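Each chain is listed here by its residues.
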Amino acid sequence: MTFLTPLVAAIAAGIAIPALVALYFLKLRRREVEVSTTLLWKRAIQDLQANAPFQRLRRNILLILQLAALGAALVAVGTPRVAGREHLNSRHIIMIDRSASMSALDGDESSAADPASPRARTRLEVSKQEARKLVDSLPEAGVFSGREGSEAMVVVFDTTAEVRQQFTGDKSLLRAAIDAILPTDAPTRMGEAMRLAKAHSPTRGTVADPRSGELMSIEGVEAGEPVTVHIWSDGKVADLAEVKPGLSDEVVFHRVGRPESANMGIVGLRWERSYEDPTQLSIFASVQSTFDEARRIDVELSIGGQIAGIRTLELPAAEVRTSRASGEGPSDQAGVIIRTVAPANSGVVFQVERSSGAIAQVRLRATNSDQPPAGDMLAADNSASMVIPPARKLSVAAVTRGNLFLAAALEGLPLARLDTRTPEEFQRTITSGQEVGYDVVILDSWLPESRTPGGSSPSLPAGRYLILGSVPPDLGIVDRGMAGQEGATPGSRLGGEAVFIDWMRDHAVLRNLTLDPVVITEMRMVEVERGSGAVVMAQTSRGPGIIDASSSDGQWRAIVVPFDIARGNWAFDVSFVVFMASAVEYLGGASDSGPVTIEAGKLPPGMVQPGTILSDRLPVGARDAKIRLPASSDRSGPSEESLSVAPDGRIVYGPIRVRGLYEVGWTGPAAAGDSVGDGSSRRMYAANLLDPSESDIGASDEIALASRVVRARAGSAVESDRPLWRWFLLAALAVVMLEWFVYNRKVHV
Amino acid sequence: MLRTTNSKRPTGIEDLLDSELIARLDPLDLASRKVFAGKLRGERRSKRRGQSVEFADHRPYVVGDDLRHIDWNIFGRLDRLFLKLFLEEEDLALHVVIDASESSDCGEPSKFAHMQRSAMALGYVGLVNLNRVACTIMGGARGGVPRRVEGGDPGVADEPADLAVGPGEVSAVRDLRGRRRTHDLARFICASRPSGPLLFRSAAERIALMRRGKGVMVILSDFMFKDGYEDGLRLLVGRGYDVFAIQVLSPQEIDPSIVGDLRLRDVEDGDAAEVTVSQPLLKRYKANLDAYTDGLRDYCARREITYLRISSATPVDTLILDLLRRKGLVR
């Protein structure tokens with residue numbers, strides 16, 4: 001036990017104890033009463049004193065009790081505490097990981113073996129408990145001591161990070177902030193959390209000039225008091241290399257969970273409709289296991305709540321390597337055995353015939369049982385769902401004066417309808433104000449005339465266009481003319497020949513293409529206006545070759561190929577056919593307006609990852625949009641939130657916290673693929689974890705930050721630094737009560 | 001126990017005896033367990049042969065006897081001279097002693113007032129039955145006595161107002177007889193008020209020296225004497241008086257109702273006792289009081305003193321008509 005303010009207590013004792021003793025020696029001021037005789041009273045007092053045992057002691061026991069009470073109160077004034085770990089810094093940042101892997105049920109190292117046991121606690125629960133212990137142990141500002149108490153800040157992170165409580169010394173606020181942390185199903189990123197944590201310290205420091213002694217401030221140095229950063233995590237952090245703590249800050253890594261915990265989970269999920277027969281639906285699920293023995297599990301597919309298929313999956317054993325830690329860290333941790341696991345992967349494919357849209361769910365379970373796989377620690381990745389739009393064949397109009405290559409390329413596509421229209425017919429349709437009536441319109445070296453003479457309104461009606469050999473005037477693309485022709489931009493190379501030098505290989509249209517052999521003999525040179533929203537998909541040696549353009553209001557979208565495909569060898573190349581097919585599919589599919597996800601761009605449409613922001617575009621005119629959150633028992637709060645719809649129909653919600661199905665409903669027009677009912681339209685999104693590193697839940701013993709490697713603190717439990725003054729004050733109260741009892745016994749009994 | 005707050009003192013017989021009580025006292029007469037020789041002829045049968053009508057005995061004639069008492073009938077029959085003896089009817093001496101120490105002036109109702117009324121009532125009974133009545137007040141102080149006690153008796157002299165009587169001294173009125181002297185007795189009793197301490201032994205000594213003959217002595221006191229009651233009582237009983245000791249205690253003394261941390265001061269000698277009143281202390285006090293009165297009763301019983309303990313709340317008529325009648329003082 002140590003004292004924070006021993007001097008104050010000693011001074012108080014020096015004053016109070018002699019005062020009490022002196023007071024005790026003062027005579028009791030008695031009321032004077034005249035009696036006829038004191039004869040009998042004196043005898044009674046003598047008798048009483050003679051009869052009462054320990055009379056003198058009894059007289060003094062009050063003094064002893066009062067001294068005891070006073071002593072306890074004085075000890076309380078001294079602010080005693082049980083010395084726990086001595087904290088170096090007085091400012092602490094408590095960073096708690098709430099990602100999906102923190103829901104693994106191996107928080108308690110003692111009772112961790114069986115995730116089904118009712119005593120199993122999640123890592124997050126244990127983290128919160130230990131963080132509370134840390135908060136309790138922080139030294140408080142003593143009432144009588146001049147020293148300041150410690151302050152702490154609570155940061156919670158998964159993919160994103162949030163400051164839950166700014167620096168404060170108020171422990172109840174800190175405890176409340178810690179208690180309010182709920183688990184999410186998002187993957188782990190720590191970089192933002194560390195940036196938030198570092199944001200507290202000013203980047204401007206004051207140093208004294210060594211020559212003149214003047215103080216001068218220098219920008220860019222780390223200043224301010226160093227802090228202790230406490231990280232409660234399982235160490236499975238994707239972006240550890242980006243986590244840069246301050247140079248003078250102390251980083252304490254409290255590992256939760258066990259390194260040998262194993263898990264299996266769905267790490268990939270994808271659906272695909274057969275190109276030839278869109279009613280044929282293939283669903284691929286990729287499963288990862290970190291168990292060190294081969295396991296056999298069932299993978300269950302249910303569509304619309306009905307079990308549509310069960311596949312038994314043999315998962316090979318994960319490769320577990322152990323290595324001795326390098327002697328880099330503190331000497332007592334040099335011999336720690338580091339365990340690395342290379343997870344085993346396997347996949348399963350379901351073939352289903354289904355033309356309508358569906359909500360499909362894939363679930364892992366123990367063989368021939370409805371239970372989750374035995375020993376599985378994390379439930380979040382045992383199921384994943386997805387939203388599959390209905391199968392749809394596109395109707396395509398080719399507006400051409402006759403193009404052999406085009407006709408040949410389109411002929412083989414599995415389309416619902418392919419009409420070949422002359423420009424005049426198409427112009428008449430536009431001018432009459434009729435709807436275009438096709439999913440995709442291919443304009444071959446022709447552009448319709450502006451509907452209004454001034455040309456202010458777009459020349460193209462709303463729709464999806466593949467524009468070949470011409471440049472529409474109002475898409476943010478500036479036509480610079482044919483290369484080598486008169487009027488070409490001064491300085492441009494003559495000759496007109498161009499080759500593709502770069503293209504977006506991960507774009508849906510160009511994904512499987514090789515454009516290297518393509519030579520364009522007469523290149524039309526264009527420029528993309530800055531800020532127009534048009535994206536250059538493929539760059540030729542003479543400027544943009546393929547451009548993805550769309551209007552800002554989402555009315556129409558176009559892929560523009562400015563040069564004439566007949567001038568060059570592309571039309572003869574197989575990549576042209578593939579391009580045409582992909583472009584038509586992309587444009588037609590794009591009309592579904594699949595969700596645009598940030599960071600998780602590789603997910604199929606209709607799927608988002610927890611931790612990211614759901615951002616999508618509803619049809620123009622949608623209003624009263626609401627998002628219904630997935631039904632989850634452990635999540636309180638509103639199950640429905642309203643969304644504000646931007647004028648262009650864009651909605652943003654998030655970041656998404658938990659996996660499950662999110663349903664956006666609105667009043668107004670529905671786009672293709674949306675379900676309509678009760679006067680409102682609905683669109684579904686599935687949020688799934690699908691993160692291989694998050695599913696590998698074995699806790700790490702060290703985290704390799706950008707600037708240093710931090711080992712888990714041995715015995716992750718926080719050693720409490722408990723203040724004891726309350727107990728001493730209670731003891732003083734108890735002694736005072738006892739003294740009162742004794743006094744009353746003396747008087748009345 | 002506490003000093004009497006109502007300081008109204010009796011000023012005359014009407015304060016001491018009301019007419020109702022007088023009416024109930026009138027049929028009463030004093031009695032004594034012993035038959036004493038009186039000094040004057042009275043209405044009481046005496047030990048001495050006297051001149052009453054009641055025959056007592058015969059004895060042979062000796063020269064010098066009064067010839068009028070010779071029983072001539074016997075002389076006629078036996079031819080011998082016998083003298084006829086008659087029982088003498090004589091008066092009874094009643095001596096009332098009041099303790100006027102300051103401790104008597106305590107209690108609610110006041111012990112002293114009660115003693116005054118009791119003494120007056122007994123004196124009245126004695127006077128109306130033609131007994132000799134004396135009253136002695138031990139200690140205290142004398143207020144102004146308006147005039148000399150009639151009868152020229154030297155027992156009471158005119159005294160200046162509020163003359164303190166010494167702690168071992170007494171003031172007395174003696175040889176009152178007949179209903180006419182009631183007022184004198186009342187005046188004497190009213191003129192006294194309690195004051196100062198009392199040395200019971202020396203007061204008793206004076207009383208014993210002062211009194212003449214034999215009779216009934218009633219001592220009204222609380223008998224709370226720090227130097228003890230034994231010597232005084234022995235002196236008083238030693239001269240063949242039929243002594244009644246009536247211990248008058250206030251209700252507050254019998255059952256104290258004080259609480260708290262107190263400094264108890266003796267009204268007589270200023271002696272202080274610091275007490276923290278508690279249940280055990282009160283229990284112990286009552287036990288001591290009982291032991292004290294029991295000791296007094298035992299002492300009295302051993303010396304043929306009739307002992308009676310009363311509260312100052314006991315009405316005077318109850319005391320006279322009931323308690324003392326049972327004890328045989330009145331009939």
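For clarity, every value in this text was computed on a predicted model and none was experimentally measured. (Residues numbered from 1 in each chain as written. Chains lettered and ligands numbered in written order. Predicted model: local features only at pLDDT ≥ 70, side-chain atom pairs only at ≥ 80, totals over all residues.)

**Describing the overall build of chain B**
If you tally the helices and strands in chain B, you get 10 helices and 13 strands. A buried classification covers 43% of the 331 residues belonging to chain B. A sequence separation of at least 24 residues applies to 79% of the contacts in chain B between residues at least 6 apart. (Helix = DSSP H or I, 4+ residues; strand = E, 2+ residues; numbered from the N terminus. Buried ≥ 20, exposed ≤ 12 C-beta atoms within 10 Å, placed from the backbone. Contact = placed C-beta atoms within 7 Å.)

**Thoughts on the overall build of chain A**
Scanning chain A for helices and strands turns up 11 helices and 41 strands. Counting every position in chain A, which comprises 749 residues, the buried fraction comes to 38%. Restricting to contacts in chain A with at least 6 residues of sequence separation, those with at least 24 account for 69%.

**Digging into the nonpolar core**
One finds I94, M95, V154, V155, I266 and V287 of chain A to be the most contacted residues of the largest nonpolar core, which totals 98 residues. It is strand 5 (residues 151-157) of chain A that provides the largest number of residues to this core, a total of 6 residues. In terms of nonpolar packing, the next biggest core, distinct from the first, is built from 72 residues, F112, M217, F225 and V237 of chain B among them. (Core = buried A, V, L, I, M, F, W, Y, C linked by C-beta atoms within 7 Å.)

**Details of the sheet that holds strand 29 (residues 543-550) of chain A**
Residues and elements named next belong to chain A. Strand order across the open sheet formed by 9 strands is 21-20-22-23-30-29-28-25-26, with mixed pairing between neighbours. Of all strands in the sheet, those with a lone pairing partner are strand 21 (417-421) and strand 26 (519-520), marking the two edges. Pairing between strand 29 and strand 30 (residues 556-561): 4 bridges, direction antiparallel. Looking at strand 30, one finds that D548 is bridged to I559. Most of the contacts of helix 7 (residues 404-411) go to strand 20 (residues 395-399), to which it runs at about 170 degrees, and overall it touches strand 20, strand 21 and strand 22 (440-444). (Pairing = 2+ DSSP bridges. Axes fitted to C-alpha atoms, helices over the stretch in contact; angles between N-to-C directions.)

**Quick word on helix 5 (residues 171-179) of chain A**
Since one α-helical turn is 3.6 residues long, residues separated by three or four positions face the same way. Residue and element names in this part refer to chain A. The complete set of buried residues in helix 5 reads L174, A177 and I178. What you see down the axis of helix 5 is that its buried residues fit within an arc of 100 degrees, all on one side. Exposed and oriented more than 90 degrees from the buried face of helix 5 are S172 and D179. Structurally, helix 5 contributes buried residues whose contacts are with helix 4 (123-137), strand 5 and strand 6 (161-168). (Arc of directions from axis to C-beta.)

**A word on the environment of A69 of chain A**
All names here are of chain A. Structurally, A69 can be placed in helix 3 (residues 55-77). Classification of A69 by C-beta neighbours within 10 Å gives buried; the count is 20. In sequence terms A69 and L729 are 660 residues apart; their C-alpha atoms lie 8.7 Å from each other. Apart from the residues lying within four places of it in its own chain, the contact partners of A69 are A732, V735, V736 and E739.

**Quick word on the interface of chain B and chain A**
Facing 33 residues of chain B, the contacting portion of chain A comprises 23 residues. Among the secondary structure elements, those contributing two or more residues to the side of chain B that touches chain A are strand 11 (260-266), strand 12 (272-277) and helix 9 (279-302) of chain B. For the side of chain B that touches chain A, the leading source of residues is helix 9 of chain B, giving 8 residues. Grouping the amino acids of the side of chain B that touches chain A by side-chain chemistry returns 15 nonpolar, 7 polar and 11 charged. (Nonpolar A, V, L, I, M, F, W, Y, C, P; charged D, E, K, R; others polar.)

**What to know about the confidence of the model for chain A**
Residues and elements named next belong to chain A. Taken as a whole, chain A shows an average pLDDT of 79; of its residues, 82% reach a score of 70 or greater. Looking at the elements of chain A, mean pLDDT is at its lowest for strand 31 (residues 596-597), recorded as 33, and at its highest for helix 5, recorded as 91. Overall, residues 490-494 carries pLDDT values under 50, and its contacts beyond four positions in sequence, including any with other chains, amount to 4 contacts. (pLDDT = per-residue confidence, 0-100.)

**A few points about the confidence of the model for chain B**
The predicted coordinates should not be examined in detail at positions where pLDDT is low. All names here are of chain B. Looking at chain B as a whole, its pLDDT mean stands at 81, while 82% of the residues score no less than 70. Strand 13 (residues 306-311) holds the highest mean pLDDT among the elements of chain B, 92, whereas strand 1 (residues 41-60) holds the lowest, 66. The low-confidence segment residues 145-161 (pLDDT under 50) makes 22 contacts with residues lying over four places distant or belonging to another chain. Model confidence for the complex is summarised by a pTM of 0.52, with the ipTM given as 0.77.

**As for the sheet that holds strand 11 (residues 264-273) of chain A**
Residue and element names in this part refer to chain A. Read from one edge to the other, the open sheet built from 3 strands follows the order 11-12-17, with strand pairing classed as antiparallel. Two strands in the sheet have a free side with no partner beyond their single neighbour: strand 11 and strand 17 (344-353). Each neighbouring strand pair of the sheet contributes to a mean axis angle of 20 degrees, computed without reference to strand direction. As defined by bridge partners, strand 11 adjoins strand 12 (residues 280-289) across 9 bridges and the pair is classed as antiparallel. Bridging across to strand 12, W271 finds its partner in I283.

**Observations regarding the pairing of strand 12 of chain B**
Residues and elements named next belong to chain B. Here strand 12 shows a clear split, with A273, V275 and V277 buried on one side and none of A272, E274 and T276 buried on the other. As paired strands, strand 11 and strand 12 are joined by 6 bridges and run antiparallel to one another. By the bridge assignment, G260 is partnered in strand 12 with V277.

**Comments concerning unusual backbone geometry**
Residue and element names in this part refer to chain B. Between E108 and P109 the backbone carries a cis peptide bond, its omega angle lying at 0 degrees. Summarising the element assignment, P109 is placed in the loop between strand 3 (93-99) and helix 4 (111-128). Notably, L130 is not glycine yet its phi reads approximately 60 degrees, a positive angle. In this fold, L130 is placed in the loop between helix 4 and strand 4 (132-138).

**A word on the environment of A508 of chain A**
Position of A508 of chain A relative to the elements: it lies in the loop between strand 25 (498-503) and strand 26. Contacts of A508 of chain A, omitting those with residues within four sequence positions, involve S582 and Y586 of chain A.

**Examining helix 4 of chain A**
Residues and elements named next belong to chain A. In this model, helix 4 (15 residues) spans 21 Å end to end at C-alpha, consistent with the 21 Å of a helix rising 1.5 Å per residue. Every buried residue of helix 4 is accounted for by R123, L124, V126, S127, K128, E130, A131, L134, V135 and S137. Among the structural elements, strand 4 (91-97), strand 5, helix 5, strand 9 (228-233) and strand 10 (250-255) are those in contact with the buried residues of helix 4. (Expected span 1.5 Å × (residues − 1).)

**Looking at the packing of helix 4 of chain B against helix 10 (residues 316-327) of chain B**
Residue and element names in this part refer to chain B. As a packed pair, helix 4 and helix 10 sit with axes 9 Å apart at the nearest point and diverge in direction by 45 degrees. Between helix 4 and helix 10, the interaxial angle falls into the category oblique. In this structure, helix 4 meets helix 10 at a crossing whose hand is right-handed. Touching R117, S118, A121 and L122 of helix 4 are V316, L319 and I320, all from helix 10. Taken together, the residues that form the contact of helix 4 with helix 10 break down as 5 nonpolar, 1 polar and 1 charged. (Parallel < 35°, antiparallel > 145°, perpendicular 65-115°, else oblique. Left-handed = near helix turned anticlockwise from the far one by under 90°.)

**Notes on the packing of helix 6 (residues 200-210) of chain B against helix 7 (residues 230-237) of chain B**
Residue and element names in this part refer to chain B. One way to put it is that helix 6 packs onto helix 7 with a least axis distance of 8 Å and a crossing angle of 5 degrees. Between helix 6 and helix 7, the interaxial angle falls into the category roughly parallel. Here F200, R201, A203, A204, E205, I207 and A208 of helix 6 come into contact with helix 7, specifically with D231, G232, L235 and L236. Here the contact of helix 6 with helix 7 is built from residues that sort into 7 nonpolar, 1 polar and 3 charged.

**Some details on the environment of V135 of chain A**
Residue and element names in this part refer to chain A. Note that V135 resides in helix 4. V135 gets classed as buried once you count the C-beta atoms within 10 Å, which come to 22. With 15 residues separating them in the primary sequence, V135 and S150 have C-alpha atoms 9.3 Å apart. Apart from residues lying up to four places away in sequence, V135 is in contact with A152, K171, L174, R175 and I178.

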